[in-house]
Amino acid sequence: MLAPVRIDLPGVSDDKRIAVVTGASAGIGEAIARRLAERGWRCVLVARREDRLRALADEIDGEVELCDVADRDAVGALATRVLERHPAVHLLVNNAGIPARGDFLIVDLDRIQRVMEVNYLGGVWCTRALMPALETAAKEGGAHIVNLVSVAGTAAFAPAGAYAASKHAQLAFSRSLAAALRGSGIRVHSVLPGFVETEGFPQKGVLKSPLLGKFVIQPPRVAKAVVDAVEKNKAEVTVPWFPYRLVSIAQAVMPRVVGRFSGMSDYRPGSIPMSTEPEPEDNARSLSRPTHSAKSGSTRE
Ligand SMILES: NC(=O)c1ccc[n+]([C@@H]2O[C@H](COP(=O)([O-])OP(=O)(O)OC[C@H]3O[C@@H](n4cnc5c(N)ncnc54)[C@H](OP(=O)(O)O)[C@@H]3O)[C@@H](O)[C@H]2O)c1
């Protein structure tokens, strides 16, 4: 493990800073946990694939928690276990998420429901369940919540309609939570990445596009933006700023033009594999998770 770099954080004075990172078994969440560990945080790694989490925990001296964030009871039990070990949690990163590619007319109905349950409600359940630990940290000096949203939370991206709807809900949650917690010592940060190459969100089709391909980034860049948002107390960060912030502004001021452009993009069924979400290994299958029939244009969990 790398020697940790200790830095001052606004509002966090505790020597043993605890971060709970959901979706830490892959992609952006894994990169966030690595970066936090380098900065001196102890990470509680949450996801469903145990072997992945254990390998990362060994590497960064973290802790493993198996949980389906969409399962409210499971999240309650997770919070009880975390609180027993850590009465104060200084950072919660709501990162666990799944794709739902294809427009609203073709995506499997179960998938439309599931993407809301994981991407939006999963963050709500984790935040509410861990609130006592965040409040304890706030009393000791400060706490932070980061919600990993997406540019799709500001722009209605037709080729991933149900995903965009879940991210719009998540961004509304994040912004309203920030307002509700103002003055409480718990700061809320929304991080909105553009296209990021990960196993759950392979950007093959986007990378083929001469225009969009230039703007696909890797998970460590998002991890840096997350840690910067906490350390520098940024409320809302788009990563990378260009061109994605412009997309969000364009959606607000000229929605018809954005609608026409997103309909023409190469990011649509057929241009990208639709069944690429990682299948959890057997050891994680015991967690309660719904199964889905593979219909046209649906992804699989
Ligand atoms: N990649 C992009 O282009 C992009 C762009 C903008 C925003 N984002 C957002 O960034 C976040 C991370 O995405 P990623 O690209 O890193 O995807 P990824 O590589 O597929 O990783 C997703 C992570 O979420 C976990 N997860 C999924 N469903 C879960 C559930 N029900 N309960 C607990 N954990 C769950 C997965 O672990 P298990 O399977 O082991 O449970 C995995 O660790 C998501 O919220 C996504 O919407 C991604």
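In the block above lies the structure referred to throughout.
Residues numbered from 1 in each chain as written. Predicted model: local features only at pLDDT ≥ 70, side-chain atom pairs only at ≥ 80, totals over all residues. Heavy atoms only, no water.

Draft legend 1. Main features of the pattern of salt bridges. Overall, the coordinates contain 15 salt bridges when judged by the stated rule. The partner of Arg34 in a salt bridge is Glu30, with the nearest N and O atoms 2.6 Å apart. Residue Arg34 and its partner Glu30 are located together in helix H1 (residues 27-38), separated by four residues, close to a single helical turn. Since its relative accessible area comes to 28%, Arg34 is described here as partly exposed. (Salt bridge = Lys/Arg side-chain N within 4 Å of Asp/Glu carboxyl O. Helix = DSSP H or I, 4+ residues; strand = E, 2+ residues; numbered from the N terminus. Buried < 20%, exposed > 50% of the residue type's maximum accessible area, 1.4 Å probe, protein only.)

Draft legend 2. The site of the ligand, seen in detail. Looking at the ligand, there are 31 residues lining it, with Ser25, Ile28, Arg48, Tyr163 and Thr198 nearest. The separation between a nitrogen atom of the ligand and a polar side-chain atom of Asp68 is 2.8 Å. Burial of the ligand by the protein amounts to 99% of the accessible area it has alone, namely 880 Å². Breaking the shell around the ligand down by element, the ones donating at least two residues are H1, helix H4 (109-140) and helix H5 (161-180). When grouped by side-chain class, the residues that make up the shell around the ligand number 16 nonpolar, ten polar and five charged. (Near = heavy atom within 4 Å. Polar contact = N/O pair within 3.5 Å; in protein donor to acceptor, adjacent residues only side chain to side chain. Areas by Shrake-Rupley, 256 points an atom, 1.4 Å probe, with all protein chains shown as cover. Nonpolar A, V, L, I, M, F, W, Y, C, P; charged D, E, K, R; others polar.)

Draft legend 3. Geometry of the side chain of Thr198. As for its placement among the helices and strands, Thr198 is situated in the loop between strand S6 (186-193) and helix H6 (204-208). Looking at Thr198, its side chain comes within polar contact range of the main-chain nitrogen of Phe201, at 3.1 Å.

Draft legend 4. Structural context of the environment of Gly62. Note that Gly62 resides in the loop between helix H2 (50-60) and strand S3 (63-66). In this structure the C-alpha to C-alpha distance between Gly62 and Leu45, which are 17 residues apart in sequence, comes to 6.8 Å. Dropping the residues within four chain positions of it, Gly62 is found in contact with Arg42, Cys43 and Ala57. (Contact = heavy atoms within 4.5 Å.)

Draft legend 5. Focus on the sheet that holds strand S7 (residues 236-239). If you walk across this open sheet you meet the seven strands as S3-S2-S1-S4-S5-S6-S7, and the pairing is parallel. Sheet topology places S3 and S7 at the edges, where each strand pairs with a single neighbour. Across the sheet, the mean angle from the axis of one strand to that of its neighbour is 15°, orientation sign disregarded. As defined by bridge partners, strand S2 (residues 42-47) adjoins S3 across four bridges and the pair is classed as parallel. Its bridge partner lying in S3, Ala47 is registered against Leu66. The strands that H5 touches are strand S4 (91-94), strand S5 (143-148), S6 and S7; relative to S6, the one it contacts most, it runs at about 155°. (Pairing = 2+ DSSP bridges. Axes fitted to C-alpha atoms, helices over the stretch in contact; angles between N-to-C directions.)

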